[in-house]
Amino acid sequence: MGLKEYQRKRDFTRTPEPKGSDPQKPGNDYLIQKHAARQLHYDFRLELDGVLLSWAVPKGPSLDPGERRLAVHVEDHPLEYGTFEGTIPAGEYGGGTVLLWDRGTWEPEGDPHEGLRRGDFKFQLHGEKLRGRWVLVRMGKQSARENAKENWLLIKHSDSEASPLAERDILLERPESVVSGRGMDQIASAQGAEWKNGGAVPPHQPQPVPGARKAELPLKVRPQLATLVSRIPEGDNWLHEIKFDGYRALCRIENGQASFFTREGHNWTDKFGRLPEEAARLPVQSAILDGEVVVLLPNGSTSFQALQASLGKGGGALVFFAFDLLYLNGFDLRDSPLAPRKEALAAILQGRSEAIRFSDHILGSGKELFERAAEYSLEGIISKRADRPYVSGRSTDWLKIKCLNSQEFLVGGFTNPSGTRQGFGALLVGTLDDGILIYRGKVGTGYSDKALAELRLRLDSLLRPESPFSNMPKEISPRGVHWVNPELTIQVKFAAWTRDGLLRHPSFLGLREDKDPQDVHFENKPVAPIVRRGIGANKQNHEVAGVKITNPDKVLYPEAGITKIELARYYEAIAEWAMPRIAQRPLMLLRSPEGIGKKGFYQKHASDSVPDSILRIRLNEQGDEEAGIAINSVAGLISLAQMDTLEIHAWGCRIDQMDNPDLMILDLDPDPAVPWKQVVAAAHEIRALLQSIGLTPFVKTTGGKGLHIETPWIRKATWDEMKTFSKQIAETLSKEYPDRYIAVMSKVRRQGKIFVDYLRNGRGATAICPFSTRARPGAPVAMPIEWDELTPDLRPDQFTIRNLPKFTNGIKPGK
């Protein structure tokens, strides 16, 4: 390829990159540069014919022969790239931090030009980190277009240098630079070598943070908080950090003195050992840093229990990971975007004490960071909008995604100890829901002897005669139970939630004296927390799309912790897609006031308690039966959630022409023994049949084991005609493929077959609406999909109220 394409793509009057010069003699250098550009990746480069052949490897190399890492063939680069480590200024081509991750020499196995032409390029590496035999394999045929980018796979051969990924991840084991020993954050914050026209330039002073405003140093700042969600946000405007298991703290520096404050504003300077002294040495006149105080374990993870123990010993092992800079030398930075705030913070912390560290991040690629966090049993990640200001309080600009189940609980009572145990047996804990303390279970393990003794002293000072819980299970005897005012907050890890919303296998981690008891709420739902007015406060009504939601924290899906308010907010978020499919149709509702697993009931008639946002319709011309139900507004849709509706079923017609259907539905209901791939194949087969007679079918997952094939219909046929026609289709399939299909409901005869249910095409019959939830664990959703999305890899219940907004991104409403 040479440098022709490289030079064609660049304007060297604007880009700081080297233009490239003619090599003096042939060479065989090999190098890998870790490059935090728009997306983090590794640039794999081999010197050949006077240039650096280059591949961008998003996930980096692996020593595991079973790992096939994508490598995108990009334009050749000049040899000058082989020695560069530093930053390419923002806004320039390839702007970002560059770390020289590995270097050495390489040798081809056979003719390298022939290997490249064939797409089977074998070679050996003699690097400081990577060695042994490797191969680059081109995916697909070579492109006919000159200089077209091609996808290759970078694969390690099985030899003495190979190692399973589970045993050795070279990227995590050796993240440092081979020339400077620095990490990415140190290189980024050093403001060191930067490509400029003419080469590298020495370090310079950081530029002022955009958006900073001159102001007095605040005495205290209320921190920004993250909202718990179940999915990782996507896009290059999100940066992602490791979630630490420690104490949130803000560090205030003024005139050579540093103070640390908890998230509630309590001064804990004396509790944090050497941290104030180390922070006071930072090269600033005045500043406020936001971060987390932790104790690091040998494997690099953080431990809340070890943190508690360290506090009791003077805090010598404490580390403060700073992740934000709110004020600096006379300027308030809170109105500035997060990205430049972190750049300024990194510059301050460069080369400083091990006790005060920069909390690094990656831009985009949050899923990869989350997967790594899960592999190492870390608590989770924090995702933040890189372009947003700092806003006190909880917001959706900061999101937390947990790998492990851990949260705070209020102590409402304790049991007597048994055997040789001292102090107490177990703590009875709960969370606040609208100011009411809800019982969540007993925590009987995880206590040291010291913790048992100290907690018992605290508990004895909080004794009260009656239970503070509003919902104590009847099976828990008050005998041997002591009630306390719910003022102590503890951190608990646990395996899961039971169907009744109770803790499964909980274990005590420590006290949370940095948390306000009134902020302890049920966390296992991805919605912004509800405002609390304090213990014993009156219940509030919460509005969604103008509809008041009563009992918003009622748990409707216990295993997932999904509440009534989350259900309402889901329908609000999805309303523009759902309304064209649900509005103006007669409905039948499955209502479950006590949630799934409890007895619910179907409702198709409008009772006196149905709100005004629900339409009352005549189901026949005579009008001699009870009124039916329909909606024609978003408020009506939200009202269904307010009524604890977990499934919305509709007729295949509109309310203005109820005797003429506009939708034919074939429900593919497989026997349990039928594999999913056979159901998928059947749907495509039926699609082809319908298309052959001039119809245009669509497909929808049902949130269960089957599929619905829906075909729009001109509103001229009667219900009887529709049912007769759909029955003929089902019987045709059954006759032509008797081993695969059946047209009757008999479960005995259905064994190993798919029932093509045409009975949903009769007057009064209903089918689950698109975007409706199902009354099944996990809150699956019936989801319209494209035919090319219907593959065996698609799980029939993979769409839920917590992930569906990701799948609807970019879909036009009503499609």
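Scroll up to find the structure this text is about.
The residue numbers shown here count from 1 along each chain, following its written sequence. Totals for whole chains, interfaces and linings use all residues, but because this is a predicted model, local features are given only for residues with pLDDT of at least 70 and pairs of side-chain atoms are given and counted only at 80 or more. Neither water nor hydrogens contribute to the side-chain values; these are computed over all heavy atoms in the structure.

(A) Focus on the environment of phenylalanine 260. Here phenylalanine 260 is to be found in strand S16 (residues 257-262). Note on definitions: a residue-residue contact is assigned when non-hydrogen atoms from the two residues lie within 4.5 Å. Excluding residues within four positions of it along the chain, phenylalanine 260 makes contact with Ala249, Leu250, Cys251, His266, Asn267, Trp268, Thr269, Phe272, Leu275, Pro276, Ala279 and Phe320. A run of H or I in DSSP counts as a helix once it spans at least four residues, and a run of E counts as a strand once it spans at least two, with each numbered from the N terminus.

(B) Region of interest: the pattern of salt bridges. Salt bridge, as used here, is a side-chain nitrogen of Lys or Arg placed within 4 Å of a carboxyl oxygen of Asp or Glu. Taken as a whole and judged by the stated rule, the model has 42 salt bridges. A salt bridge links glutamate 264 to arginine 263; the nearest nitrogen and oxygen atoms lie 3.9 Å apart. The class for arginine 263 is buried, based on a relative accessible area of 16%. Salt bridges sharing common partners tie together Glu114, Arg117, Arg118, Asp120 and Lys122. Buried means the residue's accessible area, taken with a 1.4 Å probe over protein chains only, is under 20% of the maximum for its type, while exposed means over 50%, and partly exposed covers the values in between.

(C) Structural view of the sheet that holds strand S13 (residues 224-228). By this definition, two strands are paired if DSSP reports at least two bridges between them. The strand order S13-S23-S22-S14-S21 describes an open sheet built from five strands, whose pairing is mixed. At either margin of the open sheet sits one strand with a lone partner, and together these are S13 and strand S21 (362-363). Pairing geometry for S13 and strand S23 (residues 393-402), over five bridges, is parallel. Its bridge partner being in S23, glutamine 224 is matched across the sheet by glycine 393.

(D) Broad picture of the packing of aromatic side chains. Side-chain rings of Phe, Tyr and Trp (the six-membered ring for Trp) are treated as a pair once their centres are within 6.5 Å; stacked means planes under 30 degrees apart, edge-to-face means over 60, and tilted covers the remaining angles. Applying the stated criterion across every chain, the model contains 26 aromatic pairs. Where phenylalanine 260 meets phenylalanine 272, the ring centres are 5.7 Å apart and the plane angle is 90°; that geometry is what we call edge-to-face. Of the two residues, phenylalanine 260 sits in strand S16 while phenylalanine 272 sits in the loop between S16 and helix H5 (275-280), which places them twelve residues apart along the sequence. The burial state of phenylalanine 260 is the same as that of phenylalanine 272; both residues are buried. Clustering of aromatic rings is evident, with ring pairs tying together Tyr30, Phe44, Trp55, Trp106, Phe121, Phe123 and Trp152. Whether a charge sits over a ring depends on NZ of Lys or CZ of Arg being within 6 Å of the ring centre and within 35 degrees of the ring normal. Directly above the aromatic system of phenylalanine 331 lies the positively charged group of lysine 214, at a separation of 5.2 Å from the ring centroid. It is lysine 384 that lies over the ring of tryptophan 398; its NZ or CZ is 3.9 Å from the centre.

(E) Region of interest: the pairing of S16. Taken together, the six bridges between strand S15 (residues 247-254) and S16 define a ladder with antiparallel strand orientation. From the neighbouring strand, alanine 249 faces S16, where its bridge partner is threonine 262. Between the antiparallel neighbours S15 and S16 lie two residues, among them asparagine 255 with a positive phi of about 55°.

(F) Summary view of the environment of glutamate 379. You can see glutamate 379 is positioned in the loop between helix H8 (366-375) and strand S22 (380-385). For glutamate 379, a relative accessible area of 8% gives the class buried. C-alpha of glutamate 379 to C-alpha of isoleucine 401: the two residues are 22 residues apart in sequence and 8.6 Å apart in space.

(G) Inspection of the nonpolar core at higher detail. Counting 71 residues, the largest nonpolar core has Tyr571, Leu587, Leu637, Leu640, Ile648 and Leu790 as the members making the most contacts within it. A per-element tally of this core places helix H13 (residues 676-692) first, with seven residues. The next biggest cluster of nonpolar side chains, apart from the first, holds 34 residues, and it includes Phe272, Leu282, Leu289 and Ile356. Residues belong to a common nonpolar core when they are buried Ala, Val, Leu, Ile, Met, Phe, Trp, Tyr or Cys residues joined through side-chain atoms within 4.5 Å.

(H) Structural detail: helix H10 (residues 564-573). Counted residue by residue, H10 has seven buried out of ten residues, so it is predominantly covered. Those residues of H10 that fall on the buried side of the exposure criterion are Lys564, Ile565, Glu566, Leu567, Ala568, Tyr570 and Tyr571.

(I) Molecular detail of the packing of H10 against helix H12 (residues 634-642). In this analysis, axes come from line fits to C-alpha atoms, helices being fitted only over the stretch in contact, and the angle between any two N-to-C directions falls in the range 0 to 180 degrees. Contact pair H10 / H12: the axes reach a minimum separation of 9 Å and the direction vectors enclose 160°. Looking at the two axes, H10 sits roughly antiparallel to H12. Judged by the twist between their axes, the crossing of H10 over H12 is right-handed. Along its contact with H10, which presents Lys564, Leu567, Ala568, Tyr571 and Glu572, the element H12 presents Leu637, Ile638, Ala641 and Gln642. Residue composition of the contact of H10 with H12, grouped by class: six nonpolar, one polar and two charged. Roughly parallel covers angles under 35 degrees, roughly antiparallel covers those over 145, roughly perpendicular covers 65 to 115, and oblique covers all other angles. By definition, turning the near helix anticlockwise from the far helix through less than a right angle yields a left-handed crossing, and turning it clockwise yields a right-handed one. Put simply, Ala, Val, Leu, Ile, Met, Phe, Trp, Tyr, Cys and Pro go in the nonpolar bin, Asp, Glu, Lys and Arg in the charged bin, and everything else, Gly too, in the polar bin.

(J) Fine view of helix H14 (residues 719-736). Take the number of residues in a helix, subtract one, and multiply by 1.5 Å to get its expected span. Taking 1.5 Å as the rise per residue, H14 with 18 residues should run 26 Å; its terminal C-alpha atoms sit 26 Å apart, in good agreement. When H14 is considered as a whole, its buried residues turn out to be Trp719, Met722, Ser726, Ile729, Ala730, Leu733 and Ser734. Buried residues along H14 cover an arc of 135° about the axis, so they all sit on one side. Turned more than 90 degrees away from the buried face of H14 sit Asp720, Lys735 and Glu736, all of them exposed. Residues of H14 that are buried in the fold lie against strand S42 (663-670), H13, strand S45 (741-742) and strand S46 (754-757). As used here, the arc is the angular range of directions from the helix axis to the C-beta atoms.

(K) Inspection of the side chain of glutamine 224 at higher detail. Topologically, glutamine 224 is positioned in strand S13. Classification of glutamine 224 as buried rests on a relative accessible area of 0%. Side-chain atoms alone can form a polar contact between residues adjacent in sequence; in general such a contact is a pair of N or O atoms within 3.5 Å, and within protein one must be able to donate a hydrogen while the other accepts it. In this structure the side chain of glutamine 224 is engaged in a polar contact, spanning 2.7 Å, whose partner is the backbone nitrogen of valine 391. Not counting residues within four places of it along the chain, the set of residues in contact with glutamine 224 comprises Arg248, Pro389, Tyr390, Val391, Ser392, Gly393, Ser395, Asp397 and Trp398.

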